[in-house]
Amino acid sequence: MALIAVLPGDGIGPEVTAEARRVLDALALGLVFEEAPVGGAAYLAAAHPLPPETLALAERADAVLFGAVGDPQFDGLERDLRPEQAILGLRKKLGLFANLRPVRLFPGLEDASALRPEIAREIDLLIVRELTGDIYFGEKGRGRTATGLREGHDLMRYDEAEVARIARVGFEAAAKRHGRLLSVDKANVLETSALWREIVNEVSRDFRDVRLTHMYVDNAAMQLVRAPGQFDVIVTGNLFGDILSDQASMCVGSIGMLPSASLDEDGKGLFEPIHGSAPDIAGQGKANPCAAILSAAMMLRHSLRMPASADLIDSAVAAAIAGGARTADLGGDLSTQAMGDAVLAQL
Ligand code: IPM
Ligand code: MG
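What you are looking at is a predicted structure, and each value in this text was computed from that prediction instead of being measured.

Quick notes on the rules
Residues numbered from 1 in each chain as written. Chains lettered and ligands numbered in written order. Predicted model: local features only at pLDDT ≥ 70, side-chain atom pairs only at ≥ 80, totals over all residues. Heavy atoms only, no water. Helix = DSSP H or I, 4+ residues; strand = E, 2+ residues; numbered from the N terminus. Expected span 1.5 Å × (residues − 1). Buried < 20%, exposed > 50% of the residue type's maximum accessible area, 1.4 Å probe, protein only. Arc of directions from axis to C-beta. Contact = heavy atoms within 4.5 Å. Near = heavy atom within 4 Å. Polar contact = N/O pair within 3.5 Å; in protein donor to acceptor, adjacent residues only side chain to side chain. Areas by Shrake-Rupley, 256 points an atom, 1.4 Å probe, with all protein chains shown as cover. Nonpolar A, V, L, I, M, F, W, Y, C, P; charged D, E, K, R; others polar. Patch = residues over 30% accessible without salt bridge, like charges linked within 9 Å, V, L, I, M, F, W, Y side chains within 5 Å. Salt bridge = Lys/Arg side-chain N within 4 Å of Asp/Glu carboxyl O. Lys, Arg positive; Asp, Glu negative; His and termini not counted. Charge placed at Lys NZ, Arg CZ, Asp CG, Glu CD. Pairing = 2+ DSSP bridges. Right-handed = clockwise from strand over helix to strand, strands pointing away. Axes fitted to C-alpha atoms, helices over the stretch in contact; angles between N-to-C directions. Domains from an automatic or database assignment. Buried area = accessible area lost by both parts, 1.4 Å probe.

A.B. asks: It is not clear to me how helix H7 (residues 191–204) should be interpreted in this structure. Could you clarify?
C.D. replies: Turn by turn, an α-helix covers 3.6 residues, leaving residues three or four places apart pointing in a common direction. For H7, with 14 residues, the first-to-last C-alpha span of 20 Å sits near the 20 Å given by 1.5 Å per residue. Among the residues making up H7, those that are buried are Thr192, Ser193, Trp196, Ile199, Val200, Val203 and Ser204. The arc that holds every buried residue of H7, seen down its axis, measures 140°, which confines them to one face. Structurally, H7 contributes buried residues whose contacts are with strand E5 (124–130), helix H6 (160–176), strand E8 (180–185), strand E9 (211–216), strand E10 (233–236) and helix H9 (238–251).

A.B. asks: Help me understand unusual backbone geometry in this model?
C.D. replies: Most peptide bonds take the trans form, and the phi angle of most residues other than glycine is negative. Phi angles above zero are rare outside glycine, and Ala47 is one such case at about 65°. For Ala47, the location among the structural elements is in the loop between helix H2 (40–46) and helix H3 (52–60). At Arg305, a position not held by glycine, the phi torsion is positive, near 50°. Among the secondary structure elements, Arg305 is positioned in the loop between helix H10 (290–302) and helix H11 (307–322).

A.B. asks: What is the right way to read the site of ligand 1 from this model?
C.D. replies: Close to ligand 1 lie Arg91, Arg101, Arg129, Tyr136 and Asp242, which account for all nearby residues. One of the side-chain N or O atoms of Arg101 is found 2.9 Å from an oxygen atom in ligand 1. One nitrogen or oxygen atom from the side chain of Tyr136 is found 2.5 Å from an oxygen atom belonging to ligand 1. For ligand 1, the accessible surface in isolation is 320 Å², of which the surrounding protein chains cover 76%. For the shell around ligand 1, the per-class residue count stands at one nonpolar, no polar and four charged.

A.B. asks: Is there a simple way to think about a negative patch on the surface in this case?
C.D. replies: Taken together, the side chains of Glu160, Glu191, Glu198 and Glu202 present a region of like negative charge at the surface. Counting residues per element, the negative patch draws most heavily on H7, which supplies three residues. As for its position among the elements, Glu202 is in helix H7.

A.B. asks: Can you walk me through the pairing of E9 in this structure?
C.D. replies: Remember that side chains alternate between the two faces of the sheet whenever the strand is regular. Here E8 runs beside E9; their pairing, made up of six bridges, is parallel. Bridged to Val184 within E9 is Met215. Remark: the E8/H7/E9 crossover connection has right-handed handedness.

A.B. asks: Explain the sheet that holds strand E4 (residues 98–104) here, please?
C.D. replies: Strand pairing in a sheet takes place through backbone hydrogen bonds and is either antiparallel or parallel in direction. Read from one edge to the other, the open sheet built from ten strands follows the order E2-E1-E3-E12-E11-E4-E5-E10-E8-E9, with strand pairing classed as mixed. With one partner strand each, in any of the chains shown, strand E2 (32–35) and E9 form the two edges of the open sheet. Sheet twist, expressed as the mean angle between neighbouring strand axes with direction ignored, is 25°. One ladder, built from three bridges, connects strand E11 (residues 261–263) with strand E12 (residues 269–271); its direction is antiparallel. Each bridged residue has a counterpart across the sheet, and for Ser262 the counterpart in E12 is Leu270. In the packing of H3 onto the sheet, contacts are made with strand E1 (3–9), E2 and strand E3 (63–68), and the angle to E1 comes to roughly 140°.

A.B. asks: Is there a simple way to explain the domain arrangement of the protein in this structure?
C.D. replies: In many analyses, interface size is given as the accessible surface area lost on bringing the parts together. Per the domain assignment, the segments making up the protein are domain 1 (1–97 + 264–347) and domain 2 (107–256). Taking only C-alpha atoms into account, the centre of domain 1 sits 23 Å from that of domain 2. Contacts between domain 1 and domain 2 engage 18 residues on the former and 20 residues on the latter. Summed over both partners, the interface of domain 1 with domain 2 buries about 1600 Å², with 65% contributed by carbon and sulfur atoms. When residues of the side of domain 1 that touches domain 2 are assigned to their parent elements, the largest contribution, three residues, is made by helix H4 (residues 84–93). Partitioned by chemical class, the residues of the side of domain 1 that touches domain 2 number nine nonpolar, three polar and six charged.

A.B. asks: Where do I start with the pattern of salt bridges in this structure?
C.D. replies: Where charged atoms from two side chains of opposite charge approach closely, those side chains can pair. Overall, the coordinates contain 18 salt bridges when judged by the stated rule. In this structure, the salt-bridge partner of Arg22 is Asp341, at a minimum N-O distance of 2.8 Å. With Arg22 in helix H1 (residues 13–26) and Asp341 in helix H12 (residues 336–346), this residue pair connects regions lying 319 residues apart in the sequence. Among the ionic pairs, Arg165 bridges to Glu265, the shortest N-O distance being 2.7 Å. With a gap of 100 residues between them, Arg165 in helix H6 and Glu265 in the loop between E11 and E12 connect regions that are remote in the sequence.

Laid out in C-alpha cells, this is it:
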C-alpha cells in the first residue's frame, strides 16, 4: 500500500489539501495518509519550518501531497526559519529537480482569462522548470561596499549535469506531446544562460524527433500573452520558470487551477498547487481547491502509476467547470468545500 505524506502547511494550504484528500478517498485507492506540519505551522509547533520528523516522513513516503507555505507574520524571522525554507528544503533534500507545470484552458473559463477568449482557448502547454539549482540555491549574502553602502548578492549558477538532466526531461515530455521544445534563457546577457543553451543543444542530438528552439525570457514573457498557442513544452531554469508559470496561470483564468509535480530522478515526487498560501483569504472557505485536486491527480499519474484514476479526477474537474462550478477567483461564489462537492459529484 502506498504511503502518502500530507503536508498541508499554511494559509489556504489546509483547506485545499482537505478537498484533494476527499477526492482521493472517494476513489478508494487503498492509499495510506500520514500528516505532518510544515512551514509556518511547523515553526509554531516545533520551532522549525521543516522539522526532522516532517522531513523523515516525506523521505519515507511514496509521494508527498503538499499544500502551501508562507505567512507575513513570519517576515521578521531570519531566512533559515521562514516558512518558504520548508518547500525549498524539501525540493533540495528530496532531489526534486524536475518541476512540471501543465497550463491549459478548461473549456468554460475563457472569460476568466486575462486574455481574449480566442487567444486563451489555444493554450495547452507544459512548463518544465528546473527546481534545485540556479539563483535560488547559489551562494547569497549581505555586506558593505568599499564606500560603506549596504549590499546584497545571490549567485546564479548551473553546472552542465544539472542542465542536461532537466533538458532531457523537457525533450522526453515534448516527444510525448507535440514534439516541440522551447528552451528559455537570457543567453544574450548571462553566462549561466550561455552554458544552458550550449548544453541543451548538445542534449538535442539524442532527440532528433523533437524540434528545439530557443527564446530569451523577456520575449517569452511577451509571447506568452501575445500568442500562447505557439507553445508546446517550455524548459527553463528555476527563476525564469517561477515567473513564467505565474504569468501563464493568469492566461488560463486563475492560479487556482494550476497543479504541479516536482520529481526526482526515479519519479518519486511532491505534488502541490502552484498558488501560494494566500493569507488574505485563508480560513474563509473561499480558496479554489482545483489546483490541489489536480495535483493529487498528477501524483497518481507520476508517482503511483494509477493513470486511469488520474484521468478520472482530471475529467471530473473539467466537468465541474463546464457545468458552471466557480469559486470566487473564477468569478463565482462557491466555497472551497462546495467546489470540492462539485468535483466529487462528477467522479
Ligand atoms: C513556487 C513558489 C515558491 C518558489 C516559493 C514559495 C518559495 O513561488 O513554487 O513557485 O519561488 O519556487
Ligand atoms: Mg512561484
